[in-house]
Each structure stands twice: as C-alpha cells, then as structure tokens.
Amino acid sequence: MEKQQNVIDKIPQDILFQVLDNPYESMIIVDQDGRILFISKSYEDFIPIPHEEAVGKHLTDVIPNGQLHTVIETGRAKIGATFTVSGQPRVIARIPLKKDGKTIGAYGKLMFWHADKVGELYQRINALRGKIQLFKDTLNAIYKSNYGFDNIIGNSPLIKHAKELALQSALADSPVLITGESGTGKEMYAHSIHRASKRRDKPFVSVNCSSIPKDLVESELFGYEPGTFTGALRKGKIGKFELAETGTIFLDEIGDMPLNMQVKLMRVLQEKEIEKLGGKPRKVDFRLIAATNRDLEQMMEDNTFRHDLYYRLNVVNIRLPPLRVMKDDLPMLVNHFIKEIRQVMPKDVSSISDEAMEIITKHSWPGNIRELRNMLEGAMIRCKGAQINVEHLPPGLGKPACVKLSDTTSGYTLREQMENAEKAIIREALEKAGQNRTKAAKMLGIHRTGLYQKMKKYNLAG
Ligand SMILES: Nc1ncnc2c1ncn2[C@@H]1O[C@H](COP(=O)(O)OP(=O)(O)O)[C@@H](O)[C@H]1O
Ligand SMILES: [Mg+2]
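Residues numbered from 1 in each chain as written. Chains lettered and ligands numbered in written order. Predicted model: local features only at pLDDT ≥ 70, side-chain atom pairs only at ≥ 80, totals over all residues.

J.: Can you tell me about the overall build of the protein, naming the residues and giving the values?
T.: The number of helices and strands found in the protein is 19 helices and 16 strands. In terms of overall size, the protein is more extended than a compact globule, its C-alpha atoms giving a radius of gyration of 35 Å where 462 residues would be expected to give roughly 23 Å. In terms of overall dimensions, the protein has a C-alpha envelope of 110 × 50 × 45 Å along the principal axes. When the 462 residues of the protein are sorted by exposure, 29% land in the buried category. Across the protein, the fraction of contacts at a sequence separation of at least 24, relative to all contacts at a separation of at least 6, is 64%. (Helix = DSSP H or I, 4+ residues; strand = E, 2+ residues; numbered from the N terminus. Rg over C-alpha atoms; globule rule 2.2 N^0.38 Å. Buried ≥ 20, exposed ≤ 12 C-beta atoms within 10 Å, placed from the backbone. Contact = placed C-beta atoms within 7 Å.)

As structure tokens, this is what we get:
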C-alpha cells in the first residue's frame, strides 16, 4: 500500500488530473456526507449547473436521482447497475472509498461513456427480452393442460375419493403417481392436477415413455447441446424437462421406462438437476406427475422397476377405478359423452333407449371410459335419428368376449365384426397379462411389435 502511494506521488499532477478529468471519463467523488468533492467536466452534459458550481453541494441537489451516497451506507461497491441520466440508461460503477476500515467517501463513474452504444445495447436486449417472452407465451400456449376437474365425470365413492385426493395433491408440490387400467382417465387427472396447481400458467409437458424408442429416451427427456452429434442433429435439442421448466412434466406410462433411464430419472428427482448430453448439470424447477397401467409392485419384484424410484414417485398415489366397478356412474357418463360428441358431430342424437342402456350396463368395459366414449362415438355415427338404440351398439357388447354373428340389419360388415372380435381378444389377453405386452403377445402367439400395431389401431395403447 505504502509502496503504491510512493509510486502515485511521483506521477506528475497534470497527468493525474487528466486521468480524473478527460472527455472519456464521467466521474464524481463525494465525501462521507455525500457532498461533491469532484465532478469531471464531461459530466456537465448531464447536470443542470456548471460543473464547478456543483462542488460542495450534496449529490442529490445536483443529480436528484443519484445513488452514489448509498454505497457509503452499505460500504459495498456496486458495479454494472444501470442508471438513467438525461433519460438515457447508463451502466455505472459506484465504489466506496475507505480509510482504516471506515468509509470516508465514494466515487462513481459512467462505465460506458458512449451513451449511444449502451442505449443501442439496451434496446437490443429489450427487443430480445420481448422476443423471449413471446416464445415463452407461445410455449405455454402449446404446452398447456387440456382438462380440469370439471371435466372429470363421476359420483361414485371411488371417483369422489380420487378427485379429492387429486385436488389436495394439486395444492402441494410433491410428486404424484396415478395408477389405473388403460382408459380410466389417468391423463385427464394429470392435466387437472396441473391446472389446479400454482403452476397452472406454466407449461404442462406430457411425455409418453412407451412411445419413445429405448435409446432415444435420454435425448427426449434431457436434450443435447449443439455439436454433440453430427449431421441433422447438430443444432442441439431441447429436452422435455427443460420445456417443462417452472411447470409440470407428466411422465405417462412410467412403467415402460428402461432401467438405465430409471436410474437417471431418480437422480434428477433427487438433485432437481438435469444434464443435457454434451452439457453440464443445471438446476431445474419442475413438478412431476407420473402415470402407469402397469403393476409397479410386481415389476419391483421382477426387478424391472427400481425400488428407490418407486418410493420417490409414490408420495401420493391416486388409484383410478376401472369402469366395471363404477356402474352407477354409467348413465351420467353416457349422457355426458353424447353431449360432448354432438358438439363435434353434425348429429341430433340426444338420448339413448333403456334397452341400449341396459346392454351398456351389462358390459364389463375392459377398455374403461375410453372404450365407452369410443363406442358411443361409433353408435352416434350409425344412429340416424335422435335416440341411440340397441342396433347402433357394436355386436357382442354386454356379452363375453366371444364371437357372435350380428344380424344383418346391424349394418356391421364382416370386416368390422372381425375387428371387433380381434379387439376384444387383445384386450382380454392384455388384462390377463397384467398389461404386460410381452406376455400378452406370447399368449396370443404374435410378435410384440405386431401387438403394438394392433393396440394402436384399436386405440388400446395409452
Ligand atoms: N372421469 C371421466 N370423465 C369424463 N371423461 C373421462 C373420464 N375418464 C376418462 N375419460 C375419457 O376417457 C378418455 C381416456 O382417458 P385418459 O385420461 O387418456 O385415460 P388413461 O390415460 O388412463 O388411459 C379421455 O379422453 C376422456 O374422454
Ligand atoms: Mg393414458
């Protein structure tokens, strides 16, 4: 310190003066009371009085919105803040001056004297900010929830309980696991939970784990940095966790997540940190909802689902009942769907005959509410009048899954009848196999991919 002092002492005064006062520096020095000791000439453009008259006055008498004296109170430097001078934003540095540990004054300077340049930069940043907001809004509009609890129909005790639990969990921010057979409304519940949560205005990003090829799961979920791969993928990819940032990520069919990815997912949940391929770990804020129609407990026993992940996900478990145990809700659901489908179908169908309702009640609905809705959609297409009657229902409905020839007036072709039978058989096999597709395919003597294709065709997947 002393040595430095000696060096400075040897600098000729006129040189020191130029350092303090030149056209490229705008500097103010104040004492511990905030009174101006020095103000460089170039500051004159920004203050209403000649610069020599400013000396001795309090900073705020000369620059009413000046903040320099605040660093005297805090004793801490403030570098790079913006400050508006003559209506122009400037980047400033405010530095406290100390002696024996005590603040005895402060000096401040405009770091980018070329106001135009800062202004330009500021405008560009502002324009970019606007653009980013636009993209965020667009993303939020694309990744949004499509359902709320109001859309979930049903009054039976099990549904009531599930809805209540879902609503409670929406208010918390912990993971939720939704289990239930295919078509019981798992996805609807996930959407509704997000919509009722504090994250409702943020993205809701849905990922179907069963539809992503095994080796692509990681890049789908976490993305990769530009330059990680060659060719078409060079530009990099945004992962689903990144898209869901501040919002909710819904991992549907979590039981189909490959084991190696289960390990990675576990880490993400624990650390709340994701690692893009080719990138560095980064904290992300998200809420997780997972769903599956698989028996995860059985999968843990078979060592195909990790225990630690299960317990992590299973903080709240919403179990959705199959339609066959909520038959009291059938009339309500049927009427709801007739109304809903009518909105998108130019038909005047508004009711259903008692006989048709009876058949619907007798059916076991292995495909659950989704099957009910699809069936009604088909019936409404066939229906020419205002009421759905028995002849509009698919043959075999309400009967065990064996083939029965429909009468010729039903309007079903041979192909349709065969397809109905095939669908029923596949469904039964899946049910017997506990939704394990490999097992079901074996039972049916077909290849796994063949089964997938048929499930897709008949809307049994998901
Ligand atoms: N409780 C419900 N009320 C009204 N519609 C329902 C209900 N549950 C399911 N659905 C209907 O069934 C369809 C399938 O539901 P989804 O949430 O995709 O089931 P899952 O994910 O369990 O297979 C939905 O699109 C919706 O039309
Ligand atoms: Mg689903």
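J.: Break down the site of ligand 1 for me, with residues and values.
T.: Near ligand 1 there are 15 residues, and of these Ile 153, Gly 185, Lys 186, Glu 187 and Ile 369 occur at the shortest range. Those elements giving two or more residues to the shell around ligand 1 turn out to be helix H8 (186-196) and helix H16 (368-382). Of the residues in the shell around ligand 1, the class split is 4 nonpolar, 7 polar and 4 charged. When residues of the shell around ligand 1 are assigned to domains, at least three map to each of domain 2 (143-319) and domain 3 (325-406). (Near = placed C-beta within 6 Å. Nonpolar A, V, L, I, M, F, W, Y, C, P; charged D, E, K, R; others polar. Domains from an automatic or database assignment.)

J.: Break down the confidence of the model for the protein for me, citing the residues and quoting the values.
T.: Mean pLDDT over the protein stands at 88; residues scoring 70 or higher make up 93%. For the protein, the element scoring lowest by mean pLDDT is strand S3 (residues 78-85), at 78; strand S6 (residues 176-179) scores highest, at 98. (pLDDT = per-residue confidence, 0-100.)

J.: Give a detailed account of the environment of Lys 144, specifying residues and quantitative values.
T.: Residue placement: Lys 144 occurs in the loop between helix H6 (115-142) and helix H7 (157-171). Take Lys 144: there are 17 C-beta atoms within 10 Å of it, and that puts it in the partly exposed class. Along the chain, Lys 144 and Phe 204 lie 60 residues apart, while their C-alpha atoms are 4.9 Å from each other.

J.: Which residues make up the sheet that holds strand S13 (residues 287-292), and what values do they have?
T.: The 5 strands lie next to each other as S7-S10-S13-S6-S14, forming an open sheet whose pairing is parallel. Whereas interior strands pair on both sides, the edge strands pair on one side only; in this sheet they are strand S7 (204-208) and strand S14 (316-319). Neighbour-to-neighbour, the strand axes of the sheet open up by a mean angle of 20 degrees, direction not taken into account. Taken together, the 4 bridges between strand S10 (residues 248-252) and S13 define a ladder with parallel strand orientation. Looking at the pairing, Thr 248 lines up with Arg 287 of S13. (Pairing = 2+ DSSP bridges. Axes fitted to C-alpha atoms, helices over the stretch in contact; angles between N-to-C directions.)

J.: Before we move on, could you go through the domain arrangement of the protein and cite the residues and values that matter?
T.: Per the domain assignment, the segments of the protein are domain 1 (2-113), domain 2 (143-319), domain 3 (325-406) and domain 4 (413-462). Measuring from the centre of the C-alpha atoms in domain 2 to the corresponding centre in domain 4 gives 26 Å. Per-class residue counts for the side of domain 2 that touches domain 4 are no nonpolar, 4 polar and 2 charged.

J.: Which residues make up the packing of H7 against H8, and what are the values?
T.: Running from amino to carboxyl end, H7 crosses H8 at an angle of 45 degrees, the nearest separation of the two axes being 8 Å. As the angle between them shows, H7 and H8 are arranged oblique. By crossing handedness, the relation of H7 to H8 is classed as right-handed. For the pair H7 and H8, contact is made by Ala 166, Leu 167, Ser 169 and Ala 170 and by Tyr 189, Ser 192, Ile 193 and Ala 196, respectively. Split into classes, the residues belonging to the contact of H7 with H8 amount to 6 nonpolar, 2 polar and no charged. (Parallel < 35°, antiparallel > 145°, perpendicular 65-115°, else oblique. Left-handed = near helix turned anticlockwise from the far one by under 90°.)

J.: Tell me about the nonpolar core, residues and numbers included.
T.: Judged by nonpolar contacts, the single largest core of 37 residues is most densely connected at Ile 178, Tyr 189, Ile 249, Phe 250, Leu 251, Ile 289 and Ala 290. For this core, the secondary-structure elements that each account for two or more residues are H7, S6, H8, S7, helix H9 (217-222), S10, S13 and helix H13 (307-313). The contacts of Ala 290, once residues within four sequence positions are left out, are Pro 175, Leu 177, Leu 251, Ile 254 and Leu 313. (Core = buried A, V, L, I, M, F, W, Y, C linked by C-beta atoms within 7 Å.)

J.: Please give an account of H8 that cites residues and values.
T.: A large share of H8 lies buried, amounting to 10 of its 11 residues. Residues of H8 that are buried include every one of Lys 186, Glu 187, Met 188, Tyr 189, Ala 190, His 191, Ser 192, Ile 193, His 194 and Arg 195, and no others. Looking at the buried positions of H8, the neighbouring elements they touch are H7, S6, S7, S10, S13 and S14.

J.: I'd like to hear about the packing of helix H18 (residues 437-444) against helix H19 (residues 448-457), residue by residue, with values.
T.: Where H18 meets H19, the axes come as close as 9 Å, and the angle between the chain directions of the two elements is 100 degrees. For the element pair H18 / H19, the angle class is roughly perpendicular. Residues Arg 437, Thr 438, Ala 440, Ala 441 and Leu 444 of H18 touch H19, and the partners they reach there are Arg 448, Leu 451 and Tyr 452. For the contact of H18 with H19, the per-class residue count stands at 5 nonpolar, 1 polar and 2 charged.

J.: Requested: an account of unusual backbone geometry, with residues and values cited.
T.: Despite not being glycine, Thr 246 has its phi angle at roughly 70 degrees, a positive value. Here Thr 246 lies in the loop between helix H10 (240-243) and S10. Positioned with a positive phi, Lys 272 is a non-glycine residue whose angle comes to about 55 degrees. Along the chain, Lys 272 turns up in the loop between helix H11 (259-271) and strand S11 (273-275). On the basis of neighbour count, Lys 272 is assigned to the exposed category, with 11 C-beta atoms found within 10 Å.

J.: Quick one: what's the story with the environment of Ile 338, residue by residue and with numbers?
T.: Tracing the sequence through the fold places Ile 338 in helix H14 (residues 330-342). For the pair Ile 338 and Met 455, spaced 117 residues apart in sequence, the C-alpha separation works out to 25 Å. The residues touching Ile 338, leaving out its near neighbours within four places in the chain, are Val 349, Ser 350, Ile 352 and Leu 376.

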